[in-house]
Amino acid sequence: MLAAMIDHTLLKPEATAADVQALIDEAEELGTYSVCVSPSMLPLKLPDDLKLAVVAGFPSGKHHSSIKAAEAALAVAQGADEVDMVIDVGAAVAGEYDAVGADIAQVRAAVPDAVLKVIIESAALSDEAIVAVCEAAVAAGADFVKTSTGFHPAGGATVHAVELMARTVAGRAQVKASGGIRDRATAEAMVAAGATRLGVSGSRAVLAGETSTGY
């Protein structure tokens, strides 16, 4: 069931507490896997069958590793089940893959019991960099590699990137596709390419076979 693969997402900076509550209510109605929100919205009361994902170092990734780690740890302390962290994309572009891995490892150490998803901003990277960053994420203990924040001007998820990421991690981690998934056909194409989780803001429209205006 497609809904059970979705992280129902609200990361707009103007989101209010009322918006987040509406997100939770809608997620419960639709049967999504989780809601994904900004860390300042915690703590939250969720139904028992709905997971809580929170971003860290979002959306630029240009935060000190210690800050990302502290942000992730606080989110988990406030109830987050999963953390979606952004890498230092510039380090990846520069080929500084050891630095990327060290950044991920510091967050991993801070939240050893949470599911850790690593946002690589695939649209901004070469294929070579995508492969190298995915390898670094696996080596650092990530549970997922994730395509995009949905906020980068280079774009969001593509079938090509998801296929490359899935082939690279080869079952050692899972793949989350996010950014630009605005209709059901695109969502299903990402799953066919190897994604096991989807980040979607317009989940109702996507599941209904309509076109979403979300990110």
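Calculation criteria
Residues numbered from 1 in each chain as written. Predicted model: local features only at pLDDT ≥ 70, side-chain atom pairs only at ≥ 80, totals over all residues. Heavy atoms only, no water. Buried < 20%, exposed > 50% of the residue type's maximum accessible area, 1.4 Å probe, protein only. Helix = DSSP H or I, 4+ residues; strand = E, 2+ residues; numbered from the N terminus. Pairing = 2+ DSSP bridges. Right-handed = clockwise from strand over helix to strand, strands pointing away. Phe/Tyr/Trp six-rings, centres within 6.5 Å; stacked < 30°, edge-to-face > 60°. UniProt positions renumbered as here; feature names shortened; annotations may be inferred. Contact = heavy atoms within 4.5 Å. Patch = residues over 30% accessible without salt bridge, like charges linked within 9 Å, V, L, I, M, F, W, Y side chains within 5 Å. Areas by Shrake-Rupley, 256 points an atom, 1.4 Å probe, with all protein chains shown as cover. Salt bridge = Lys/Arg side-chain N within 4 Å of Asp/Glu carboxyl O. Lys, Arg positive; Asp, Glu negative; His and termini not counted. Charge placed at Lys NZ, Arg CZ, Asp CG, Glu CD.

1. Considerations on the pairing of strand β7 (residues 174–178)
Most of β7 is tucked away, with 4 of its 5 residues classed as buried. Where strand β6 (residues 144–146) meets β7, 3 bridges bridge the pair, whose relative direction is parallel. Looking at the pairing, V145 lines up with V175 of β7. With 3 bridges joining them, β7 and strand β8 (residues 197–200) adopt parallel strand pairing. When the bridges of β8 are listed, A177 appears paired with L198. Once the chain exits β7 it traverses helix α7 (residues 184–193) before rejoining the sheet at β8, and the crossover so formed is right-handed.

2. Let's talk about the packing of aromatic side chains
Taken as a whole, this structure holds 2 aromatic pairs when the rule is applied. Summarising the aromatic geometry, the rings of F58 and F151 are spaced 5.5 Å apart at their centres and angled 85° between planes, so their arrangement reads as edge-to-face. Pair noted here: F58 is in the loop between β3 (51–56) and α2 (65–77) and F151 is in the loop between β6 and α6 (159–169), with a separation of 93 residues, a long-range link. Judged by its relative accessible area of 35%, F151 is partly exposed. Residues F151 and Y215 carry aromatic rings whose centres are separated by 5.0 Å and whose planes lie at 50° to one another, so their mutual orientation is tilted. Pair noted here: F151 is in the loop between β6 and α6 and Y215 is in the segment after α8 (203–207), with a separation of 64 residues, a long-range link.

3. Concerning the UniProt feature "active site" (unreviewed entry) in the protein
Taking the numbering used here, the UniProt-annotated feature "active site" (unreviewed entry) corresponds to D84, K146 and K176. Spanning 93 residues, the named residues form one tight spatial group whose C-alpha atoms are at most 10.1 Å apart. Along the polypeptide, D84 turns up in strand β4 (residues 82–86). Relative accessible area serves as the criterion here: at 0%, D84 is assigned to the buried category. With near-sequence residues (within four places) excluded, D84 lies in contact with C36, A53, V54, V55, A56, K117, I119, K146 and K176.

4. Re a negative patch on the surface
Together, D25, E28, D48 and D49 give the surface a local cluster of negative charge. Within the secondary structure layout, D25 lies in helix α1 (residues 17–30). Assessed through its relative accessible area of 42%, D25 is described here as partly exposed.

5. A look at unusual backbone geometry
Cis geometry marks the peptide bond from L42 to P43; its omega dihedral reads -5°. With respect to the helices and strands, the residue P43 is situated in the loop between β2 (34–37) and β3. The amide bond that connects F58 to the next residue, P59, takes the cis arrangement and shows omega of 0°. Examined against the element boundaries, P59 turns out to sit in the loop between β3 and α2. Even without being glycine, E121 reaches a positive phi, approximately 55°. For E121, the location among the structural elements is in the loop between β5 (115–119) and α5 (127–139). The exposure class assigned to E121 is buried, which follows from its relative accessible area of 2%. The phi angle at A170 is positive, at roughly 50°, despite the residue not being glycine. Among the secondary structure elements, A170 is positioned in the loop between α6 and β7. By relative accessible area, A170 is classed as exposed at 56%.

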